[in-house]
Amino acid sequence: MTHAQAAKRFTADVDRTTWHDGALWFVRQKRDRMAYSLPEWEELRELASQIKNHTLSRLDEYLEEFERNATANGIRVHWAANAQEHNEIVLQIIRQHNGKRLVKSKSMLTEECHLNPFLIKEGIEVVDTDLGERIIQFNDEPPSHIVLPAIHLKKEDVGQIFHKHLGTPEGASDPQFLTETARQHLRGHFVAADVALSGVNFAIAETGGFVVCTNEGNADLGVTLAPVHIASMGIEKMIPRLDHLGVYTRLLARSATGQLSTTYTSHFHRPRPGQELHVIIVDNGRVEQLGRPDFRASLKCIRCGACMNTCPVYRRSGGHSYDYTVPGPIGSILSPNVDLKKHSTLPFASTLCGSCSDVCPVKIDIHVQLYKWRQIIGGQKAMPAGKRVGMQLLAKVLARPRLYARLGRVARRMLASTPSALTHNGTINPWAIAREMPEPPKQSFREWYAANQK
Ligand code: SF4
């Protein structure tokens, strides 16, 4: 299914689309207020970008430095080349401890690796403890946003889901009541867990420690109570020095939700007495992206979600329409690296307005990369046949100014005399489904210019 086809399902519910658009724009405005309140905002972005550029240029050295220091601290470091290896390492650790129950805090990497279905198939109980993640786990669907995983659901939807899975009264949708219900429900799972798994926001080569940022404290509860803590991180989470951390923590929460900082910014350097601490460092296609000079900057991403909140296409099409773990503009430049054919329509799901690049706290040139993927996809014939043929024809016309002018004259005449039942026919012209066609001008700009240049 193309992005446009998948988006159609979401946009069929006009009220939900409008509400989704407004909810994310509200978050974008909160981000703006935070950004404007810091005079050094642009300097911070530049610094964050340069540190990440530098880190990516020596990623192998920093990863090894991290491994040395983490190991010296008593952390067990594992390397996984792909999702399968990552999942098997997690399972192996759980089995070594005769574990049966895993609590997880939010980790897009484990979504990317499809860890939950893998473990459940092996007989492990997996409970997502982030509220949004738990809601979508009950609803058996993937997150639609990397920071706000259940943003596509309204409180009434959550009420129904909790009624079905947690036995709350039918129709109860008060957010405070639902949150308290989830809290009570999750407490039992925290206490009973054999192993807790967290993501990693930043790993520090200099110290061998790492940082996990959450707003609910669920990661801290999980990893503090369980005797085993597994932290899964992509290789791009690395920063060289502890001094660099403040640059990112100042940018992350402000960009993500318009907060001064995440409610919990927890540092892990070594296992607690009696506890085991494992870090799994995962590649899963990142090295390949690192080897693409035009796209390596996508690995600077700190997963704040700001590019999604600002994107007019994402806001109106919903995260599930991207059919990739990371949706929105950043997902559209990461996913073709993973499967060019499957995700060939995603780089086209953009107006190329550049708003994503403008808000990105690490200055990724997202809209430039979207455009570059389009060129690659066009060159490799990876896009749907209809679109490919249309683009080829258009390229021929645009390369021939006289033909372009002639066809323009024909189109203007035809447009003026064609009944609107035809010009607004959704099958022939999907563009006009929700738009009025412009009034065709009597002459083109070139004709007007030729007639008026004296
Ligand atoms: S690309 Fe930039 S704006 Fe988008 S999630 Fe990553 S860091 Fe945030």
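That block above? That's the structure.
All of these numbers come straight from a predicted model, not from anything done at the bench.

Asks: I'd like to hear about the site of the ligand, residue by residue, with values.
Replies: In the neighbourhood of the ligand, 13 residues make up the surrounding shell, with C301, C304, G305, C307 and C360 lying closest. Looking at side-chain class alone, the shell around the ligand contains 11 nonpolar, one polar and one charged residues.

Asks: A description of the nonpolar core should follow, citing residues and the corresponding values.
Replies: Core analysis: the biggest nonpolar cluster contains 53 residues, and F202, Y248, I330, I364 and I366 have the highest contact counts within it. Not counting residues up to four positions away in its chain, the partners in contact with I364 are A297, S298, K300, C301, I330, I333, S357 and Q369.

Asks: How would you explain the pattern of salt bridges if you had to name every residue and give the values?
Replies: Enumeration according to the criterion identifies 25 salt bridges in this entry. Between R101 and D194 there is a salt bridge; the shortest N-O distance is 3.8 Å. Here R101, found in strand 2 (residues 101-104), pairs with D194, found in the loop between helix 10 (175-192) and strand 4 (195-198); they are 93 residues apart in sequence, far enough to count as distant. What makes D194 buried here is its relative accessible area of 18%.

Asks: Tell me about the sheet that holds strand 9 (residues 264-268), and name the residues and values.
Replies: With mixed pairing, four strands are arranged side by side in an open sheet as 8-5-6-9. Each edge of the open sheet is held by one strand with a lone partner, namely strand 8 (238-239) and strand 9. Where strand 5 (residues 202-204) and strand 8 come together, two bridges link them in parallel fashion. From the neighbouring strand, I204 faces strand 8, where its bridge partner is I239.

Asks: Please set out the packing of aromatic side chains residue by residue, giving values where relevant.
Replies: We describe a pair of aromatic rings using the distance from one ring centre to the other and the angle between the two ring planes. What the rule picks out here adds up to seven aromatic pairs. Taking the centre distance of 5.9 Å and the plane angle of 35 degrees together, the rings of Y314 and Y322 count as tilted. Across the pair, exposure class does not vary: Y314 and Y322 are buried alike. Every member of this aromatic cluster is reached through a ring pair, and the members are F445, W448 and Y449. The cationic tip of K52 hangs over the ring face of Y248; the distance from NZ or CZ to the ring centre is 5.7 Å.

Asks: Which residues make up the sheet that holds strand 7 (residues 228-234), and what values go with them?
Replies: Ordered in space as 1-10-7-4-2-3, the six strands form an open sheet in which the pairing is parallel. Each of the sheet's edge strands pairs with one partner strand only, and the pair in question is strand 1 (76-80) and strand 3 (125-128). With strand direction ignored, the average angle separating the axes of adjacent strands in the sheet is 20 degrees. Here strand 7 pairs with strand 10 (residues 276-282) via seven bridges, running parallel. Bridging from a neighbouring strand, V228 pairs with E276 of strand 10. Most of the contacts of helix 4 (residues 59-72) go to strand 1, to which it runs at about 150 degrees, and overall it touches strand 1, strand 7 and strand 10.

Asks: Account for a nonpolar patch on the surface, with residues named and values stated.
Replies: A contiguous nonpolar surface patch, about 270 Å² in accessible area, is contributed by V191, L221 and L225. Here L225 is to be found in helix 11 (residues 218-225).

Asks: Which residues make up unusual backbone geometry, and what are the values?
Replies: The general pattern is negative phi for most residues beyond glycine and trans for most peptide bonds. Look at D140: it is not a glycine, yet its phi comes out positive at around 55 degrees. Mapped onto the secondary structure, D140 falls in the loop between helix 8 (131-138) and helix 9 (155-166). Taking relative accessible area as the criterion, D140 reaches 71% and is therefore assigned exposed. The phi angle at D323 is positive, at roughly 50 degrees, despite the residue not being glycine. Here D323 lies in the loop between helix 15 (312-317) and helix 16 (328-338).

Asks: Please set out the packing of helix 2 (residues 14-36) against helix 12 (residues 245-257) residue by residue, giving values where relevant.
Replies: At a minimum axis distance of 6 Å, the contact between helix 2 and helix 12 shows a crossing angle of 145 degrees. Only R254, S255, A256 and T257 of helix 12 make contact with helix 2, whose side of the interface consists of V27, K30, R31 and M34. The residue makeup of the contact of helix 2 with helix 12, split by class, is three nonpolar, two polar and three charged.

Cut-offs and rules
- Residues numbered from 1 in each chain as written.
- Predicted model: local features only at pLDDT ≥ 70, side-chain atom pairs only at ≥ 80, totals over all residues.
- Heavy atoms only, no water.
- Near = heavy atom within 4 Å.
- Nonpolar A, V, L, I, M, F, W, Y, C, P; charged D, E, K, R; others polar.
- Core = buried A, V, L, I, M, F, W, Y, C linked by side-chain atoms within 4.5 Å.
- Buried < 20%, exposed > 50% of the residue type's maximum accessible area, 1.4 Å probe, protein only.
- Contact = heavy atoms within 4.5 Å.
- Salt bridge = Lys/Arg side-chain N within 4 Å of Asp/Glu carboxyl O.
- Helix = DSSP H or I, 4+ residues; strand = E, 2+ residues; numbered from the N terminus.
- Pairing = 2+ DSSP bridges.
- Phe/Tyr/Trp six-rings, centres within 6.5 Å; stacked < 30°, edge-to-face > 60°.
- Lys NZ or Arg CZ within 6 Å of the ring centre and 35° of its normal.
- Axes fitted to C-alpha atoms, helices over the stretch in contact; angles between N-to-C directions.
- Patch = residues over 30% accessible without salt bridge, like charges linked within 9 Å, V, L, I, M, F, W, Y side chains within 5 Å.
- Areas by Shrake-Rupley, 256 points an atom, 1.4 Å probe, with all protein chains shown as cover.

Geometry only, nothing functional implied.
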